[in-house]
Amino acid sequence: MVSTLEEDLELKTSAVKFLEIFATRTYELATISPDIIQSLQITSGDWGTVGFTFLVHYTVDGVPQVAKEVVESINLIDLSITFRVIEGDLLDVYNSFRFLLKLTPNILSGSVLHWTLEYEKPSNDTPDPTSLMKEVIQVSKDVDAFVGSLI
C-alpha cells in the first residue's frame, strides 16, 4: 500500500528559478544546505536530463544517510520534478520511495512549493517519514534564501 506525506511551503522566489536548482543545478544543494546535504554527485547521465542518477549523502535528525536517486521526470511546463530512490537507507525501511516536487507561481510574487513523499511501507508498524519531510522543507527554505540572494 502506497502512502503519502505532503507539505506546502510559501517561497519568496519565482517557481522557475527555484526549479532550476533542483532540475539542472542539483549538485549545488550540498553547498546551499550543507548541514543536511553533505555531498551530491552524479553517477550517470547529465544534470538536468530525465534519467540522470545521483548519489546523495545527507542527515536526518543528525543520523548520516545515503540514497541513490534517479530523476523520473522534469516537467518545465507543469513546474514539477519526480525523484525515485533506487538504492540506500530509505529502501531499508520502505519498499519504495519517491520525492515529488511541484511549484505553483503566485500572481503577485514568489511561488508555492508542494512536496509529496510517496512511499510503500512493508507493514502498518513502519513509521511515516516525518523527520525526513522536516529536512526536505529545511533544504527548500535554504534554496529559497539562496536563490533570493542571487537577485
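Each chain has its residues counted from 1, running along the sequence as written. For this predicted model, a pLDDT threshold of at least 70 governs which residues receive local features, and a threshold of 80 or more governs which side-chain atom pairs are given and counted, while totals over whole chains, interfaces and linings are taken from all residues. Water and hydrogen atoms play no part in the side-chain values, which are based on all heavy atoms of the structure.

### Observations concerning the side chain of Thr126
Only DSSP runs of H or I with at least four residues qualify as helices, and only runs of E with at least two residues qualify as strands; both kinds are numbered from the N terminus onward. Position of Thr126 among the secondary structure elements: in the loop between strand S7 (111–120) and helix H4 (130–150). Contact between two residues is taken to exist if any of their heavy atoms lie within 4.5 Å; hydrogens are not considered. Leaving out residues up to four positions away in the same chain, Thr126 has contacts with Val93, Tyr94 and Lys121.

### Notes on the UniProt feature "domain: Bet v I/Major latex protein" (unreviewed entry) in the chain
UniProt positions are given in the numbering used here, feature names are shortened, and annotations may be inferred rather than shown by experiment. With numbering matched to this structure, UniProt assigns "domain: Bet v I/Major latex protein" (unreviewed entry) to residues 1–150. For residues 1–150, the end-to-end C-alpha separation is 42 Å, with 26% helix and 45% strand making up the annotated structure.

### Let's talk about the sheet that holds S7
Pairing between two strands is assigned when DSSP locates at least 2 bridges connecting them. Spatially, the seven strands line up as an open sheet ordered S1-S7-S6-S5-S4-S3-S2, and their pairing is antiparallel. The open sheet has two edge strands, strand S1 (2–11) and strand S2 (37–44), and neither has a second partner. When strand polarity is set aside, the average angle formed by the axes of neighbouring strands in this sheet is 25°. Relative to strand S4 (residues 63–75), strand S3 (residues 53–60) runs antiparallel, the two being bridged by eight bridges. Considered in S4, the bridge of Val60 is made with Val63. Helix axes are fitted to C-alpha atoms over the stretch in contact, other axes to C-alpha atoms as well, and angles between N-to-C directions run from 0 to 180 degrees. Sitting on the sheet, helix H1 (residues 15–24) touches S1, S4, strand S5 (80–88), strand S6 (96–105) and S7, and the angle it makes with S6 is about 155°. Against the sheet, H4 contacts S1, S2, S3, S6 and S7, and its axis sits at roughly 25° relative to S1.

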